[in-house]
Amino acid sequence: MIEQFPALIVVTPLIMSFILFAVSWWNKRLCFPILILTLSACIVFAIGILDTVIKQGKPIHYYLGGWDPPWGIEYVIDHLNALVLVAVAVVAWLVAIYSKSAVEKELHESKLPQFYTLFLLQVTGLFGITATGDMFNLYVLLEIASFSAYAIIAMGERGADFAAFRYVIFGTIGACAYLLGVGYLYILTGSLNMADLSHLIPKLFYNKALLVGFAFFLVGVGIKMGIFPVHFWLPDAYTLAPSAVSALLAPLFTKVGAYVIIRIMFTVFDPSFSIKLYPVMDILGWIAAVGIIFACIMALAQSDLKRMFCYLIVAEMGYIVIGIASGNRLGLTGAILHIINDMFMMACLFTVAGAIMYQMGTRNIYEFRYLHRTMPITLAVFVVGALSVVGVPPACGFFSKWYLILGTIQAKKWLLLFVLLASSLINAVLFFRVIENAYLEPREAHAHAHNGGHPIVTLDRVPLNMLIAMILIAAGIILLGLFSGKIVMNIIDFAIPANL
Amino acid sequence: MWEVILSKYNYWIYAFMLMIGFYAMMAKNNLLKKLIGMNIFQWALIFYFISIGAKKGATVPIIPGVHGHHGAEHLVVHAADYVNPLPHVLMLTAIVVGVATTGIALALLIMIYRRYGTLEEDEIIEELKK
């Protein structure tokens, strides 16, 4: 049974999404339990895969339809994508629990089955992108994930349809650029299988067409993951989407894109291609440095909490690119660890934004006065997420940043080191602006409270499932931080190519 | 100079079409025209893939007169006589992807037109600022 898990983790949510939609005609209340059951099964599959990979110490190969590679499509799961699969499954499960009340408040009742169906399709795409070992299969699954993202974002508030249309245009350019890259590689090598390509490509290293194909890959995946110069679609689309949708897409989609970049640069292409042969790492480093500073400043300028977080994603993607651009073991460890950590951090921040939206009906930071009295738990979760993004131990963000910093020092890229440290400071300012508005009271209000006795503190009026999901995500951030040494030693060390 | 252009004319056509589509997507104000540009962009890619699979004087990769596994090993097959079908098969999938993208984009355009009464980008942005 366990050898079928790599296929099951993709096929189960795909089939269940259609069953869920069919069941919803009969009984709408069954949708949510089906969603949770499916995602629970996916967690079991993902953990089973990770366990097998760690135990046998080498990748799992699954041949779809029994066709041997390089002719058939193959799913290959090694330490890197097993870890990403588990993280995607867990975060999707937590966000699914959270989403029930959030979408019931924000969307019309008739839209709920569509929402749950698209939720599962989205997860299908993400699992598929992560599990596949075939370049063209990756394109198709990338488009499945993107289609569900387009449709699910368009369900949002006023302006979301227009943002979704712009996302369609940019997303299609990205997908086409990726497909062009696949075409160039196919012309040169006649193969689409990643493992096969990794043997064939080193012989073609000085070929100019290979370089063009590589550039198309970077641009295509870069658009999908929202790296700095091609991120235009991201803030609008993720801000205007329903809060449960941005809590699903913001942590997962961009990070899975980062996984694809790592897979292409370090598995399909030999690492020496982008380190020794061409100055790819320097270019990426510059882009990331400019992007992080730009995104942090843009985030400072926002008064909308969710839009601020959206620019933060662009900055976080920059961190991952810095880890890649260091071009050494430490930096790549940091990048992979940051992919996992950032999924939890962004899930934390976007669920908090949704909860505040649920209770207060606003996302404007300057209207958050006295929020600590009415939403103490939500704000406590927010502080955990904020400390993690700033990089305070024992939250997980500290450890991945630590590895990133060590990586830049080892690579002697002082500019990147400076950007990492400076952006941490800007992040601190960014979050203290929110914390100040939410926790600290103006002086006159303080005097008033003294006259009228103690201020009244009430618990959050947010449904229990949202609260539990948020607390679990915050606990996940702390746990990931505490166990980061184990994760690095047992999983990530094996995920990094040996010749790096 | 002219030989380079003429001997590889399929690539020039595909690059030209890509540029037309890209220009329409970036520069046009009407959202439907942007969508048409997007379609041209995707179709340029499909032409490109199909043209790399084409071969003069070759035939479909089916070996006639051989059923099952018996006898196949006795037959001499010249790979040069057959067309590589893989790029064409890939494009069947890419066409489906393209149709799905167009479908989603058209549905979004209907939504946008119903809400704002226009498909001109600047007018929609004006409307959203209110």
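Data block above holds the structure.
The structure contained in this document is the topic of the report that follows. Since this is a predicted model, take the numbers as computed values, not measurements. (Residues numbered from 1 in each chain as written. Chains lettered and ligands numbered in written order. Predicted model: local features only at pLDDT ≥ 70, side-chain atom pairs only at ≥ 80, totals over all residues. Heavy atoms only, no water.)

**Some details on the nonpolar core**
Residues and elements named next belong to chain A.
In step 1: One finds Tyr238 and Ile324 to be the most contacted residues of the largest nonpolar core, which totals 235 residues.
In step 2: The dominant element in this core, judged by the number of residues it contributes, is helix H14 (residues 329-360), at 19 residues.
In step 3: In this structure Ile324 touches Ile261, Ile262, Met265, Phe266, Met281, Leu284, Leu332 and Ala335, once residues within four positions along its chain are discounted. (Core = buried A, V, L, I, M, F, W, Y, C linked by side-chain atoms within 4.5 Å. Buried < 20%, exposed > 50% of the residue type's maximum accessible area, 1.4 Å probe, protein only. Helix = DSSP H or I, 4+ residues; strand = E, 2+ residues; numbered from the N terminus. Contact = heavy atoms within 4.5 Å.)

**Quick look at the layout of surface pockets**
A water-sized probe rolled over the atoms picks out the places where empty space is left.
In step 1: Considering only enclosed or pocket space, the largest pocket measures out at about 720 Å³ in volume.
In step 2: As for the largest pocket, its lining consists of 25 residues, and the residues nearest its centre are A:Trp71, A:Tyr186, B:Asn84, B:Pro85 and B:Leu86.
In step 3: Sorting the residues of the lining of the largest pocket by element identifies helix H5 (135-153) of chain A together with helix H4 (86-116) of chain B as the ones contributing at least two each.
In step 4: Of the residues forming the lining of the largest pocket, the biggest block, four residues, is contributed by H4(B).
In step 5: In this structure, the second largest pocket occupies an estimated 570 Å³ of space. (1 Å grid on protein atoms, 1.4 Å probe; cavity = no way out; pocket = protein on both sides within 12 Å on 5 of 7 lines; lining within 4 Å. Points joined across faces, edges and corners; volume = space filled by probe spheres on them.)

**Focus: the state of the cysteines**
All names here are of chain A.
In step 1: Evaluation of the coordinates by the stated rule reveals zero disulfides over all chains.
In step 2: Counting only cysteine sulfurs, Cys310 is the nearest neighbor of Cys296, a cysteine outside any disulfide, at a range of 14 Å.
In step 3: By relative accessible area, Cys296 is classed as buried at 0%.
In step 4: For Cys310, a relative accessible area of 0% gives the class buried. (Disulfide = S-S within 2.5 Å.)

**A short note on the packing of helix H3 (residues 79-106) of chain A against helix H20 (residues 464-482) of chain A**
All names here are of chain A.
In step 1: The N-to-C vectors of H3 and H20 enclose an angle of 150°; their axes lie 8 Å apart at closest approach. Overall, the two elements H3 and H20 adopt an arrangement that is roughly antiparallel. Read as a crossing pair, H3 and H20 show a hand that is left-handed. Contact residues: H3 offers Leu94, Ile97, Tyr98, Lys100, Ser101 and Ala102, while H20 offers Asn465, Met466, Ala469, Met470, Leu472 and Ile473.
In step 2: A per-class count over the contact of H3 with H20 returns nine nonpolar, two polar and one charged. (Axes fitted to C-alpha atoms, helices over the stretch in contact; angles between N-to-C directions. Parallel < 35°, antiparallel > 145°, perpendicular 65-115°, else oblique. Left-handed = near helix turned anticlockwise from the far one by under 90°. Nonpolar A, V, L, I, M, F, W, Y, C, P; charged D, E, K, R; others polar.)

**Comments concerning empty space enclosed by the protein**
In step 1: In this structure the tally under the stated criterion is three cavities of 30 Å³ or more.
In step 2: Taken as a whole, the largest cavity encloses approximately 60 Å³ of empty space.
In step 3: Along its surface, the largest cavity is lined by A:Tyr139, A:Cys176, A:Leu179, B:Gln42, B:Leu45, B:Ile46, B:Ala94, B:Val97 and B:Gly98.
In step 4: Those elements that place two or more of their residues in the lining of the largest cavity are helix H6 (160-189) of chain A together with helix H3 (31-53) and H4 of chain B.
In step 5: Across the lining of the largest cavity, the residue classes tally to seven nonpolar, two polar and no charged.

**Some details on the side chain of A:Ser146**
Residues and elements named next belong to chain A.
In step 1: For Ser146, the location among the structural elements is in helix H5.
In step 2: Polar side-chain contacts of Ser146 include one of 2.8 Å to the backbone oxygen of Leu142.
In step 3: Every residue in contact with Ser146, bar those within four places of it in the chain, is listed here: Lys224 and Phe253. (Polar contact = N/O pair within 3.5 Å; in protein donor to acceptor, adjacent residues only side chain to side chain.)

**Remarks on the interface of chain B and chain A**
In step 1: Counting residues at the interface gives 39 residues for chain B and 29 residues for chain A.
In step 2: Between the two partners, chain B and chain A, sit one salt bridge.
In step 3: The salt bridge involving B:Arg115 is made with A:Asp161; its shortest N-O contact spans 3.1 Å.
In step 4: Our enumeration of links across chain B and chain A arrives at six residue pairs in polar contact (both at pLDDT 80 or more).
In step 5: Secondary-structure elements contributing two or more residues to the side of chain B that touches chain A are helix H2 (9-27), H3, H4 and helix H5 (121-129) of chain B.
In step 6: If one sorts the elements of the side of chain B that touches chain A by residue count, H4(B) sits on top with 17 residues.
In step 7: Partitioned by chemical class, the residues of the side of chain B that touches chain A number 31 nonpolar, four polar and four charged. (Salt bridge = Lys/Arg side-chain N within 4 Å of Asp/Glu carboxyl O.)

**Concerning the pattern of salt bridges**
Residues and elements named next belong to chain A.
In step 1: Applying the stated criterion to the full structure yields twelve salt bridges over all chains.
In step 2: With a closest N to O distance of 3.0 Å, Asp236 and Arg307 form a salt bridge. Taken as a pair, Asp236 in helix H9 (residues 233-240) and Arg307 in helix H13 (residues 305-326) lie far apart in primary sequence, 71 residues in all.
In step 3: As a salt-bridge pair, Lys255 and Asp342 come within 2.7 Å of each other at their nearest N and O atoms. Taken together, the residues span a long stretch of sequence, with Lys255 in helix H10 (residues 243-268) and Asp342 in helix H14 at a distance of 87 residues. Each of the two residues, Lys255 as well as Asp342, counts as buried.

None of the figures reported here should be taken as evidence of function without further support.
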